[in-house]
Amino acid sequence: MATVELRFSAQPEHVRTARLVAAAVARRAGVDEAVLDEVRLAVGEACSRAVGLHRAYGVTAPVRVALTEEEKAFSIEVGDEVPGPGSGGAAPGVRGATAEDEPDDGEDGMGLAVISGLVDDVEVTSDESGGVIRMTWPITGATAEP
């Protein structure tokens, strides 16, 4: 299992770099070419959401992106450092949503709705140390037909 890790300061201009890296690593991992635009868009939404949360709550820690090639799947985790519900650090309604939930008011819910429309396998979690959006795509190159 190969993993590429990327960390960047919460600046909107770094989101484009994360998108380009994600597409390149996904291509190398064997994700179908037809899906690469969806990978780029989903990573852009997830990273933009994390950047927005960091900036809104004054978090200076970097946004984390982990791109992992598994045996039959490629996954990307985008993490932020904004505490989840019950930890006293986040505003009500910002955390605790899943991609299937009704969108929250504002950009946070909109970003989750866009991501869930682009990616079939999405998991959104949060706790006192921050949140993670995990997105997974199948690797087509590993199961080549004769």
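To be clear, the structure that these remarks concern was listed above.
Anyway, here's the lowdown on the structure attached to this text. Please read these numbers as outputs of a predicted model, since none were measured by experiment.

What counts and how
Residues numbered from 1 in each chain as written. Predicted model: local features only at pLDDT ≥ 70, side-chain atom pairs only at ≥ 80, totals over all residues. Heavy atoms only, no water. Core = buried A, V, L, I, M, F, W, Y, C linked by side-chain atoms within 4.5 Å. Buried < 20%, exposed > 50% of the residue type's maximum accessible area, 1.4 Å probe, protein only. Helix = DSSP H or I, 4+ residues; strand = E, 2+ residues; numbered from the N terminus. Contact = heavy atoms within 4.5 Å. Pairing = 2+ DSSP bridges. Axes fitted to C-alpha atoms, helices over the stretch in contact; angles between N-to-C directions. Left-handed = near helix turned anticlockwise from the far one by under 90°. Nonpolar A, V, L, I, M, F, W, Y, C, P; charged D, E, K, R; others polar. Expected span 1.5 Å × (residues − 1).

What to know about the nonpolar core
Nonpolar side chains in soluble globular proteins tend to end up buried together.
Logical step 1: Core analysis: the biggest nonpolar cluster contains 34 residues, and Phe 74, Ile 76, Val 78 and Met 135 have the highest contact counts within it.
Logical step 2: Contributions of two or more residues to this core are made by β1 (2–8), α1 (15–29), α2 (36–56), β2 (63–69), β3 (73–79), α3 (107–118), β4 (121–127) and β5 (130–138).
Logical step 3: In terms of residue count, α2 provides more of this core than any other element does, 8 residues in total.
Logical step 4: Among all residues touching Val 78, those that are not within four sequence positions of it are Ala 46, Cys 47, Ala 50, Val 63, Arg 64, Val 65, Gly 131, Val 132, Ile 133 and Met 135.

Some remarks on the sheet that holds β1
Logical step 1: In space, the 5 strands of this open sheet follow the order β1-β2-β3-β5-β4, with antiparallel pairing throughout. Each edge of the open sheet is held by one strand with a lone partner, namely β1 and β4. The average angle at which neighbouring strand axes cross in this sheet is 15 degrees, direction not considered.
Logical step 2: For β4 and β5, the ladder comprises 7 bridges, and the chain directions are antiparallel. Of the residues in β5, the one forming a bridge with Val 124 is Ile 133.

A short note on the packing of α1 against α2
Logical step 1: Remark: α1 packs on α2, axes separated minimally by 8 Å, with the N-to-C direction vectors making an angle of 145 degrees. Crossing handedness for the pair α1 and α2: right-handed. The residues of α2 that touch α1, namely those facing Val 15, Ala 18, Arg 19, Ala 22, Ala 23, Ala 26 and Arg 27, are Leu 36, Val 39, Arg 40, Leu 41, Val 43, Gly 44, Cys 47, Ser 48 and Val 51.
Logical step 2: Here the contact of α1 with α2 is built from residues that sort into 11 nonpolar, 2 polar and 3 charged.

So, the environment of Gly 84
Logical step 1: Relative to the elements of secondary structure, Gly 84 occurs in the loop between β3 and α3.
Logical step 2: Separated by 47 residues in sequence, Gly 84 and Gly 131 have C-alpha atoms that sit 6.9 Å apart.

A look at α2
Logical step 1: The terminal C-alpha atoms of α2 lie 30 Å apart, and with 21 residues this matches the ideal 30 Å at 1.5 Å per residue to within 8%.
Logical step 2: Among the residues of α2, those classed as buried are Leu 36, Val 39, Ala 42, Val 43, Gly 44, Ala 46, Cys 47, Arg 49, Ala 50, Val 51, Leu 53 and His 54.
Logical step 3: Looking one or two residues past α2, Gly 58 carries a phi angle of roughly 65 degrees, positive in sign.

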